[in-house]
Amino acid sequence: MNTYKVYLVEDEANLSEVLKAYMEKEGWEVTVFDNGGDALEAVKAPPHLWVLDIMLPGTDGYQILKGIREEEGDVPVIFISARDQDLDRVLGLEMGSDDYLAKPFLPQELLIRAKKLLSRVYGEQAQEQKKVELNDYHIDPEARIVTDQQNEGSHVELTTKEMDLILLLTEDIGKALSREAIIENVWGENYFGSERAVDDVVRRVRKKMPRIHLETLYGFGYRILSS
């Protein structure tokens, strides 16, 4: 059993107690924040996973997510919200959240999604991949780091989904993957959102890694070419 550190940001005391209990049964170390201000202070010591409510007193979930991405870009985040589901889902994905749950939901559903996300990010599959040198980008799957050799080896700050997409498409350079295949591998088979999420992540990757030849196959999906 892996011991993961989880930050749960939820101002509803009853819900946070239930979710904390379920996650601790998995052997995870759970820290609860009941307001956005305290959670924002904690981004300097990142966990393995954030479970983040959008509606919070004071600092809201969007501000916290922005702080997380600025401080430690690759930490996975699950958004939860009782507001406009479609709006929050789209805004969350645009800002770099990795999954979304609309209230009310079963604690077991959160556990399932969290386990799959943690396995994808920290599991053995990424460690089996070889390091890749591509157009002066150095991609290290085990460390989940991309460095830009043309910019003094500086890190390219990628969100979890952006990193997952790069690792997936560089497993086999030149191989085309459909949007459906990308959704299944990056978001998981239980994802129920729009395939537009793939296009949004691709757009952000192209902006952050402009020398990557990430080719669009219209009506199908994407592939990365070696040159």
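As a reminder, the structure under discussion sits directly above these lines.
Since this is a predicted model, take the numbers as computed values, not measurements. (Residues numbered from 1 in each chain as written. Predicted model: local features only at pLDDT ≥ 70, side-chain atom pairs only at ≥ 80, totals over all residues. Heavy atoms only, no water.)

1. Things to note about the nonpolar core
By size, the foremost hydrophobic cluster in this structure holds 29 residues, and its most contacted members are Val-146, Leu-165, Ile-182, Trp-187, Met-209 and Leu-214. Put simply, the parts of the chain that give this core at least two residues each are β6 (132-134), β7 (137-140), α7 (160-169), α8 (179-187), α9 (196-208) and β12 (221-225). The dominant element in this core, judged by the number of residues it contributes, is α7, at six residues. (Core = buried A, V, L, I, M, F, W, Y, C linked by side-chain atoms within 4.5 Å. Buried < 20%, exposed > 50% of the residue type's maximum accessible area, 1.4 Å probe, protein only. Helix = DSSP H or I, 4+ residues; strand = E, 2+ residues; numbered from the N terminus.)

2. Overview of helix α3 (residues 61-71)
Buried residues of α3: Gly-61, Tyr-62, Ile-64, Leu-65, Gly-67, Ile-68 and Arg-69, and no others. The N-capping residue of α3, defined by a side-chain oxygen 3.1 Å from the backbone nitrogen of Tyr-62, is Asp-60. (Polar contact = N/O pair within 3.5 Å; in protein donor to acceptor, adjacent residues only side chain to side chain.)

3. Remarks on the pattern of salt bridges
Throughout the structure, instances matching the rule amount to 18 salt bridges. Notably, a salt bridge pairs Asp-200 with Arg-203, separated by 3.9 Å at the nearest N-O pair. Residue Asp-200 and its partner Arg-203 are located together in helix α9, separated by three residues, close to a single helical turn. Here Asp-200 falls in the buried class, since its relative accessible area comes to 11%. One salt-bridge network, held together by shared partners, links Glu-10, Glu-12, Asp-53 and Lys-103. (Salt bridge = Lys/Arg side-chain N within 4 Å of Asp/Glu carboxyl O.)

4. What about the packing of α7 against α8?
Put simply, α7 and α8 touch, their axes get as near as 10 Å, and they point 120° apart. Compared by their axis directions, α7 and α8 come out oblique. With respect to the hand of their crossing, α7 and α8 are arranged in right-handed fashion. Mapping the contact onto sequence places Lys-161, Asp-164, Leu-165 and Leu-168 in α7 and Ile-182, Asn-185, Val-186 and Trp-187 in α8. (Axes fitted to C-alpha atoms, helices over the stretch in contact; angles between N-to-C directions. Parallel < 35°, antiparallel > 145°, perpendicular 65-115°, else oblique. Left-handed = near helix turned anticlockwise from the far one by under 90°. Contact = heavy atoms within 4.5 Å.)

5. Here's the deal with the sheet that holds β7
Within the open sheet, the four strands sit side by side as β6-β7-β8-β9. Their pairing is antiparallel. Of all strands in the sheet, those with a lone pairing partner are β6 and β9 (154-155), marking the two edges. Examined bridge by bridge, β6 and β7 share three bridges and lie antiparallel to one another. Across the sheet, the residue bridging to Leu-134 is Tyr-137, located in β7. (Pairing = 2+ DSSP bridges.)

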